[in-house]
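Topology and contacts: notes
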Amino acid sequence: MHDDNHQEDNHQDEWSLETLAIRAGHQRTFEQEHSEPIFPTSSFVYASAAEAARKFGGQEPGNVYSRFTNPTVHTFERRLAALEGGERCVATSSGMSAILSTALALLSAGDEIVASRSLFGSTVSLFDKYLGKLGITTRYVELSSVSAWEAAIGPKTRLLFAETPSNPLSEIADIPALAALAKRHNALLAIDNCFLTPALQQPLALGADLVIHSATKYLDGQGRAVGGAVVSSHALLEEVFGVVRTCGPCLSPFNAWIFTKGLETLSLRMNAHCENALTLARWLDAHPAVTQVFYSGLEDHPQHALAKRQQKGFGAVLGFEVKGGQAGAWQVIDATRMLSITGNLGDVKTTITHPATTTHGRLSDSQKEAAGITPGLIRVAVGLESQRDIQRDLAHGLDVLAD
Ligand SMILES: *Cc1c(COP(=O)(O)O)cnc(C)c1O
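Small disclaimer: the values here were computed from a predicted structure and weren't measured. (Residues numbered from 1 in each chain as written. Predicted model: local features only at pLDDT ≥ 70, side-chain atom pairs only at ≥ 80, totals over all residues. Heavy atoms only, no water.)

A closer look at the overall build of the protein chain
What the protein chain contains, in helices and strands, is 16 helices and twelve strands. The C-alpha atoms of the protein chain give a radius of gyration of 22 Å, which matches the 22 Å a tight globule of 403 residues would have. With the C-alpha coordinates aligned to their principal axes, the bounding extent of the protein chain is approximately 80 × 50 × 35 Å. Surface summary for the protein chain: the accessible area is close to 17,200 Å², and the carbon and sulfur share equals 53%. Both charge centroids of the protein chain, one from 33 positive and one from 43 negative side chains, sit 3 Å from each other. (Helix = DSSP H or I, 4+ residues; strand = E, 2+ residues; numbered from the N terminus. Rg over C-alpha atoms; globule rule 2.2 N^0.38 Å. Areas by Shrake-Rupley, 256 points an atom, 1.4 Å probe, with all protein chains shown as cover. Lys, Arg positive; Asp, Glu negative; His and termini not counted. Charge placed at Lys NZ, Arg CZ, Asp CG, Glu CD.)

Now the structure itself:
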């Protein structure tokens, strides 16, 4: 069915990231389509009983059932693997199921995870509540302190898990240092690369063993679909694939197609997101109603140098603290007319949220304080609208607060 000839001599190894994002992974069918096709089919047919037997038995490669493999999903997997520089990618139904499948594949009862404290909220619930039930325990450490990671590692530690930059304070984990730690202690390092994407950070090249994605965010980039992926070596991903194939958190062909098309503009979008975010961070930093801005692109960010070293850009999620605590923050949020008040991110539309009462609302006051989630903190995930319009919208509330 597939014509691999063109693909095999296309010198993909020499392509830059921008080209891979547009051309990697598509195996043109006999229809000679230019754009990637969608295969919305649950199963596949065979020319004979003998062929069916060989494919079911795994003696002959090929599609059997879309919970196992689907050509549209496979196109997305090949393209994302190429962008992350991984041997293989397994796509999943969501970012959370990418994390769950990785944990089920690689961990057993009694194993321990060491994770950064400032993780996506559902990831913490998954680790504590659901992996906890299976006898897998998690210790949380300060993201930016390599010595804290080292101190938390024990003989049963199998996985180090970090999200960098952190949300919403833009703290940075030193990926090469954590990778060295993981190797020394015979553990694996997984990086949730949702905030930067391979366009801005390639954790595998920095020494990580696994990259996790919520494709829901920047890989799609326009807020249309939920999905996820894991990128790693053939050996590790064979285990993850086994979980997805058997337990069923597979990606739908339609969503895979959306993500594949989203990847085509990934570099362009990420660069534009970064530019908009840096301009906004500088503007906020100079505003009299703003007491602090958290963004690794600002020169006075404590890890600015590290961010510059391991990232190609600073991302587009930033936190800032306003005068007047929660009342001040809510006033600024409620005065916006264009920005979307929502906890989501990774969209062309700029979103604004109050972490202390939404994304981090379930934390106790002391946990919030430890995590730096103050009452006056606002998070903005900067989209691609005109910079002038984003600033003007935030100025409605900020200017009143400054007076
Ligand atoms: C959204 C998100 C997830 C979860 O992804 P879903 O696609 O919503 O399941 C995981 N990690 C990070 C950093 C996220 O932002």
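Brief notes about the packing of aromatic side chains
A full pass over the atoms with the stated rule returns six aromatic pairs. With centroids separated by 6.3 Å and ring planes inclined at 65°, the aromatic side chains of Y46 and F56 adopt a geometry described as edge-to-face. Note that Y46 is positioned in the loop between α2 (17-23) and α3 (49-56) and F56 in helix α3, a separation of ten residues in sequence. Summarising the aromatic geometry, the rings of F127 and F161 are spaced 5.2 Å apart at their centres and angled 90° between planes, so their arrangement reads as edge-to-face. Note that F127 is positioned in helix α6 (residues 121-133) and F161 in strand β4 (residues 157-163), a separation of 34 residues in sequence. Taking relative accessible area as the criterion, F161 reaches 2% and is therefore assigned buried. (Phe/Tyr/Trp six-rings, centres within 6.5 Å; stacked < 30°, edge-to-face > 60°. Buried < 20%, exposed > 50% of the residue type's maximum accessible area, 1.4 Å probe, protein only.)

Remarks on the environment of Q27
The topology assignment puts Q27 in the loop between α2 and α3. Taking the relative accessible area as the measure of exposure, Q27 reaches 17% and is therefore buried. When the C-alpha positions of Q27 and S16 are compared, they lie 19 Å apart, and in sequence the two are eleven residues distant.

Considering the site of the ligand
All residues in the neighbourhood of the ligand are listed as S94, G95, M96, F120, E163, D192, C194, F195, S214, T216, K217 and G227. Within the contact set of the ligand, an oxygen atom lies 2.8 Å away from a side-chain nitrogen or oxygen of S214. Contact with the protein chains removes 91% of the 380 Å² of surface that the ligand exposes when unbound. Here the residues of the shell around the ligand sort into four nonpolar, five polar and three charged. (Near = heavy atom within 4 Å. Polar contact = N/O pair within 3.5 Å; in protein donor to acceptor, adjacent residues only side chain to side chain. Nonpolar A, V, L, I, M, F, W, Y, C, P; charged D, E, K, R; others polar.)

Considerations on the pattern of salt bridges
Summed over the entire model, instances satisfying the criterion amount to 13 salt bridges. Between R79 and E264 there is a salt bridge whose closest N-O contact spans 3.2 Å. Pair noted here: R79 is in helix α4 (residues 71-84) and E264 is in the loop between α11 (253-263) and α12 (266-285), with a separation of 185 residues, a long-range link. When its relative accessible area of 0% is taken as the criterion, R79 is described as buried. For E299, the salt bridge goes to R282, with nearest N and O atoms at 3.5 Å. Taken together, the residues E299 in the loop between β8 (290-294) and α13 (304-310) and R282 in helix α12 connect sequence positions 17 residues apart. Its relative accessible area of 54% is what places E299 among the exposed residues. (Salt bridge = Lys/Arg side-chain N within 4 Å of Asp/Glu carboxyl O.)

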